[in-house]
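Structural features, examined
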Amino acid sequence: MLTDYALAAVSVVLGVRLIRFARFWALAFLALALAAFLGGTWHGFWQNDLLWKATTLSVGVASFGMVVGSAYLTATGATRRFLIGFAVVKLITYTVCMLGHDEFSWVVGDTASALVIVALLHLSRLNGWMLAGVGVSFLAGAVQASGLALHEHFNHNDLYHVIQTGAMLLFYAGLKKR
């Protein structure tokens, strides 16, 4: 729970700073902050179906913000319009699917697909910070899937949050560099 809240706090601070120059990435950061806060509340205090649903849907909005934000930073014209349209359809599809499912694997799949798109778009600009953010995000996901626990009170989920916080700092650095 505490690592969820730490990820949320860092994401809020960075997301607010992004509003001036990368609005869709700001949306991604703020939606992730909301998801982390709701997820931490779900883990620590209140395991309610609606709270979990809001958590997973917030992650979908974060995924949407990453793709659209990257489209604005790296593409123009028809390519940008296609990417934005794709992100809208992806978000709608994800939302409809998540309204009928609770499995975290759907969240992982949606986020992974967004990260691949972000990597491909920023590879064209050779933005090492953004690519590092993607790589660290995948590392975080692998740690979470592994079940690795450093301590009985610091499990794979906690470690995931700490590593993902580092990824958010890398994304922020890449967005400032642009």
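Our structure's up above, just so we're on the same page.
Here's what I pulled together on the structure shown here.

Conventions adopted
Residues numbered from 1 in each chain as written. Predicted model: local features only at pLDDT ≥ 70, side-chain atom pairs only at ≥ 80, totals over all residues. Heavy atoms only, no water. Phe/Tyr/Trp six-rings, centres within 6.5 Å; stacked < 30°, edge-to-face > 60°. Helix = DSSP H or I, 4+ residues; strand = E, 2+ residues; numbered from the N terminus. Buried < 20%, exposed > 50% of the residue type's maximum accessible area, 1.4 Å probe, protein only. Salt bridge = Lys/Arg side-chain N within 4 Å of Asp/Glu carboxyl O. Patch = residues over 30% accessible without salt bridge, like charges linked within 9 Å, V, L, I, M, F, W, Y side chains within 5 Å. Areas by Shrake-Rupley, 256 points an atom, 1.4 Å probe, with all protein chains shown as cover. Core = buried A, V, L, I, M, F, W, Y, C linked by side-chain atoms within 4.5 Å. Contact = heavy atoms within 4.5 Å. Expected span 1.5 Å × (residues − 1). Arc of directions from axis to C-beta.

A closer look at the packing of aromatic side chains
Under the definition given, this model contains eight aromatic pairs. Taken together, a centroid distance of 5.2 Å and an interplanar angle of 40 degrees make the contact between Trp25 and Phe171 tilted. Taken together, the positions of Trp25 in helix α2 (residues 23-44) and Phe171 in helix α7 (residues 156-177) put the pair 146 residues apart, joining distant regions of the chain. Across the pair, exposure class does not vary: Trp25 and Phe171 are buried alike. Pairing Phe82 with Phe86 gives two aromatic rings, centres 6.4 Å apart and planes at 25 degrees, and the pair type is stacked. Of this pair, Phe82 and Phe86 both sit in helix α4 (residues 77-99), four residues apart, roughly one helical turn. Overall, the relative accessible area of 36% leaves Phe86 in the partly exposed class. Among the aromatic residues, ring-to-ring pairing joins Phe24, Phe64 and Tyr72 into one connected group.

Let's talk about unusual backbone geometry
At Leu126, a position not held by glycine, the phi torsion is positive, near 50 degrees. The topology assignment puts Leu126 in the loop between α5 (104-123) and α6 (128-146). For Leu126, a relative accessible area of 66% corresponds to the exposed category.

Looking at the pattern of salt bridges
Under the criterion given, the structure shown has two salt bridges. Across the pair Lys53 and Asp102 runs a salt bridge whose closest N-O atoms are separated by 2.7 Å. Here the residue Lys53 occupies a position in helix α3 (residues 49-74), and Asp102 occupies one in the loop between α4 and α5, the gap between them amounting to 49 residues. For Lys53, a relative accessible area of 15% puts it in the buried group. Between Asp110 and Lys90 there is a salt bridge, with the nearest N and O atoms lying 2.7 Å from each other. In this pair, Asp110 sits in helix α5 while Lys90 sits in helix α4, placing the two residues 20 residues apart along the sequence. Considered together, Asp110 and Lys90 belong to a single accessibility category, that of buried residues.

Re a nonpolar patch on the surface
A surface patch of nonpolar side chains, amounting to about 500 Å² of accessible area, comprises Val116, Leu120, Leu123, Leu126 and Phe138. With three residues, α5 is the largest single contributor of residues to the nonpolar patch. With respect to the secondary-structure elements, Leu123 resides in helix α5.

A short note on the nonpolar core
Formed by 35 residues in total, the largest nonpolar core has its most connected members in Leu18, Trp25, Phe29, Met66, Val118 and Phe171. Elements with a contribution of two residues or more to this core: α1 (2-18), α2, α3, α4, α5, α6 and α7. Aside from chain neighbours lying at most four places away, what touches Phe171 is Trp25, Phe29, Leu115, Val118, Trp129, Met130, Gly133, Val134 and Ser137.

As for α1
Along its 17 residues, α1 runs 24 Å from first to last C-alpha, staying within 8% of the 24 Å computed at 1.5 Å per residue. Of all the residues in α1, the buried ones are Thr3, Asp4, Leu7, Ala8, Ser11, Leu14, Gly15 and Leu18. In an axial view of α1, the angular spread of the buried residues amounts to 145 degrees, which keeps them on one side of the axis. Contact partners of the buried residues in α1: α2 and α7.

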